[in-house]
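# Structural overview
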Amino acid sequence: MIRDITLGQYYPADSPIHGLDARIKLLLTFIYIVTLFFVNGLVGYVFVILSLAAVIRVSRVPLRFMLRGLKSIVLIIIFTGLINLFMTPGERVIFQWGFLTLTMEGVLFAFQMCLRLVLLIIGSSLLTLTTTPIQLTDAIETILKPFARFGVPAHEIAMVMTIALRFIPTLLDETDKIMKAQQARGADFDSGSLMERAKSLIPILVPLFISAFRRADELATAMESRCYRGGEGRTKMYVAKMKRKDYQAVLLGVVYIACIFALRYAVSAGIPFFV
Amino acid sequence: MSITINHLTHIYNAGTTFEKKALDDVSLEIQDGEFIGLIGHTGSGKSTLIQHLNGLVAPTSGEILLNGENIHQDKNRLKEVRRRVGLVFQYPEHQLFEMTVYKDVAFGPTNLKFSEDKIRKNTISALEAVGLGEEYYDQSPFDLSGGQKRRTAIAGILAMEPEVLILDEPTAGLDPKGREEILSLIQEMHQKRKMTVILVSHSMEDVAKMAERIVVMHQGKVVMNGTPKEIFSCVEELEKMGLAAPQVSYVVRALREKGFPISPDIFTVEEAKNALLALLPHNS
Ligand SMILES: Nc1ncnc2c1ncn2[C@@H]1O[C@H](COP(=O)(O)OP(=O)(O)O)[C@@H](O)[C@H]1O
Ligand SMILES: [Mg+2]
């Protein structure tokens, strides 16, 4: 049951997006998210949606995997929508009920905020669906590296992330096993008062912590006996190199930014079709 | 207590990319008081099968009957099922969590809401059965040796007074002395307390010595089911499944090929010793 929680959600496929350098993907995703907050006007959103659809198509990841990420934040989206719906000041009042005022501006703004959230989640799932966690942490390490001289422990952060990702499934399995073993001893996790339920966690948590510490200890010994001594002077087995397609992706990214700002300019200049 | 398994199939993570059929149409009948050895290669579905027997995992299809009654019929009686079918997990010492050995063993009976008197009586007699005397009661379970920890964990199940005792690879990772202690403990439970025992193992030696009937699993299916003699005479089939007959039976076979008049049905070191001594001239 507990295995249903999927965290590392990589979707293996052979696509140009999967083949891109993870650093470039990380950078482009970052740019995409930032530009989402610059987009305005109908044409702007249509442009973003079409671009995203094109990338999804090229990535060969089925759409339902993208939408799965949305499921977990449906509540946040609804909440954001409602807040914006009623809290946006505006002139064109649609109806008023007590202190709640619904305005045309509110409807438009709420719709826009929800759309932005949805696009943001789909865009970032695209990154994690097409990039393995290891590639991702590697990319984060290279991007953080320049800040190492200001005391940012770039290598350590990446190593901690890699290890944590590696052990999430292991610990989930372990939790499942411990829960079953305690149930075999008559433990009951889903009935009783709040206090009783909190207490029933002890037989799970104590063994889980002990096993996590034991694993951490063993891993540290194993790493040390293979001469691990931190990031300094450590070379990489796979050195990421920018290839032709990576430069092409960057170029497309630049074109994308240019389009977003052109559209934004068109809206603010009041060119009729774009408002 | 008799256990009937009817066309049991279990699929993990059904409907996802990680779908895995762990049990495939398993049917099995276990009589009251039997000693069953369950063997099979890693991943053959042994653990999944036994976790069905006390209702920890629900079948994808098929049913499990205890004394003719479907265990999933009444959800409120699952706890009772878990009391009557005691399941000792693999590496059970990893589930110890209490401050003292005594309290840990009392965890099961307390969950079952036994009376205080009964909890004390059961805990003490379970600890006695596994050979842990009063001097251990107040020790932290984490200070014990590997074999003692495992015996404490087994006592935790025995304290619930199960009628069926299921053990998942109870000797894995123990030293020879620890193994011997656990095995004789299981033997005693079977003989003195008349418990039905299901011993999961991939040590042919252990199973050959103790089981009255052996069930062999392969890729989620029960492929053999018979007495040790019947099972271990099919060495080729066992080897195809990555298993083997007990080592001593290979020695016996080699001796037979060399022309020694020795019975082919010898599967334990003890039997082999007696047969060989009988062969020696000065003994006859
Ligand atoms: N909780 C689980 N979730 C998903 N798959 C599992 C789970 N437990 C076991 N499996 C899979 O089911 C198969 C049978 O496993 P198991 O019953 O543990 O076999 P055995 O005990 O004989 O080694 C294996 O392929 C295993 O990977
Ligand atoms: Mg197993």
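This part is about the nonpolar core. Residue and element names in this part refer to chain B. Judged by nonpolar contacts, the single largest core of 45 residues is most densely connected at Leu-158, Ile-186, Val-216 and Phe-232. At five residues, helix H6 (residues 176-193) tops the list of elements feeding residues into this core. Excluding residues that lie within four positions of it along the chain, Leu-158 makes contacts with Ala-126, Ala-129, Val-130, Leu-165, Met-189 and Met-195.

Glancing now at the sheet that holds strand E7 (residues 164-168) of chain B. Residue and element names in this part refer to chain B. A sheet is described by the order of its strands in space; here six strands give the open sequence E6-E7-E8-E3-E9-E10, paired in mixed fashion. Of all strands in the sheet, those bounded by a partner on one side alone are strand E6 (85-88) and strand E10 (221-226). Ignoring which end each strand starts from, the neighbouring axes of this sheet average 15° apart. Two elements, strand E3 (residues 35-40) and strand E8 (residues 196-200), share four bridges in a ladder whose sense is parallel. The partner of Gly-37 across the bridge, within E8, is Leu-199. Where helix H1 (residues 46-53) meets the sheet, it contacts E3, E6, E7, E8 and strand E9 (213-218), and its direction lies at approximately 145° from that of E3.

Further remarks concern the pattern of salt bridges. All told, the structure shown has 25 salt bridges over all chains when counted by the stated rule. With a closest N to O distance of 4.0 Å, Lys-192 of chain B and Glu-188 of chain B form a salt bridge. With Lys-192 of chain B and Glu-188 of chain B both in helix H6 and four residues apart, the pair spans about one turn of that helix. Here the salt bridges do not stand alone but share partners, grouping Asp-138, Glu-141, Lys-145 and Lys-236 of chain A into one network.

Next up on the list: the side chain of Asp-24 of chain B. All names here are of chain B. Locating Asp-24 in the fold gives a position in strand E2 (residues 20-30). Look at Asp-24 and you get buried, because its relative accessible area is 19%. Dropping the residues within four chain positions of it, Asp-24 is found in contact with Leu-8, Thr-9, Gly-220 and Lys-221.

The next subject is the packing of aromatic side chains. Taken as a whole, this structure holds seven aromatic pairs over all chains when the rule is applied. Aromatic pair Phe-209 of chain A and Phe-213 of chain A: ring centres 6.4 Å apart, planes at 35°, arrangement tilted. A residue pair is termed a helical-turn pair when its members lie 3 or 4 positions apart in one helix, as Phe-209 of chain A and Phe-213 of chain A do in helix H10 (residues 202-224) at four residues. The exposed category is assigned to Phe-213 of chain A, whose relative accessible area is 58%. Ring centres of Phe-232 of chain B and Phe-267 of chain B lie 5.3 Å apart, and the angle between their planes is 50°; on these two criteria the pair is classed as tilted. Of this pair, Phe-232 of chain B sits in helix H8 (residues 228-232) while Phe-267 of chain B sits in the loop between helix H10 (247-257) and helix H11 (269-279); the two residues are 35 residues apart in sequence, bridging distant segments of the chain. The ring of Phe-167 of chain A carries the charged tip of Arg-166 of chain A above its face, separated from the ring centre by 4.6 Å.

In this complex, chain A contributes 20 residues to the contact, which on the side of chain B involves 22 residues. Carbon and sulfur atoms supply 63% of the area that chain A and chain B bury against each other, a total of about 1800 Å² over both sides. Its largest share of buried area at the contact with chain B, chain A owes to Lys-180, Ala-184 and Arg-185 of chain A, together 39% of the area lost on that side. Counting across the chain A and chain B interface gives one salt bridge. Applying the counting rule to chain A against chain B returns four residue pairs in polar contact (both at pLDDT 80 or more). At the level of elements, helix H8 (154-184) and H10 of chain A are the ones that each hand at least two residues to the side of chain A that touches chain B. Per-element accounting of the side of chain A that touches chain B gives the leading share, seven residues, to H8 of chain A.

Cut-offs and rules
Residues numbered from 1 in each chain as written. Chains lettered and ligands numbered in written order. Predicted model: local features only at pLDDT ≥ 70, side-chain atom pairs only at ≥ 80, totals over all residues. Heavy atoms only, no water. Core = buried A, V, L, I, M, F, W, Y, C linked by side-chain atoms within 4.5 Å. Buried < 20%, exposed > 50% of the residue type's maximum accessible area, 1.4 Å probe, protein only. Helix = DSSP H or I, 4+ residues; strand = E, 2+ residues; numbered from the N terminus. Contact = heavy atoms within 4.5 Å. Pairing = 2+ DSSP bridges. Axes fitted to C-alpha atoms, helices over the stretch in contact; angles between N-to-C directions. Salt bridge = Lys/Arg side-chain N within 4 Å of Asp/Glu carboxyl O. Phe/Tyr/Trp six-rings, centres within 6.5 Å; stacked < 30°, edge-to-face > 60°. Lys NZ or Arg CZ within 6 Å of the ring centre and 35° of its normal. Buried area = accessible area lost by both parts, 1.4 Å probe. Polar contact = N/O pair within 3.5 Å; in protein donor to acceptor, adjacent residues only side chain to side chain.

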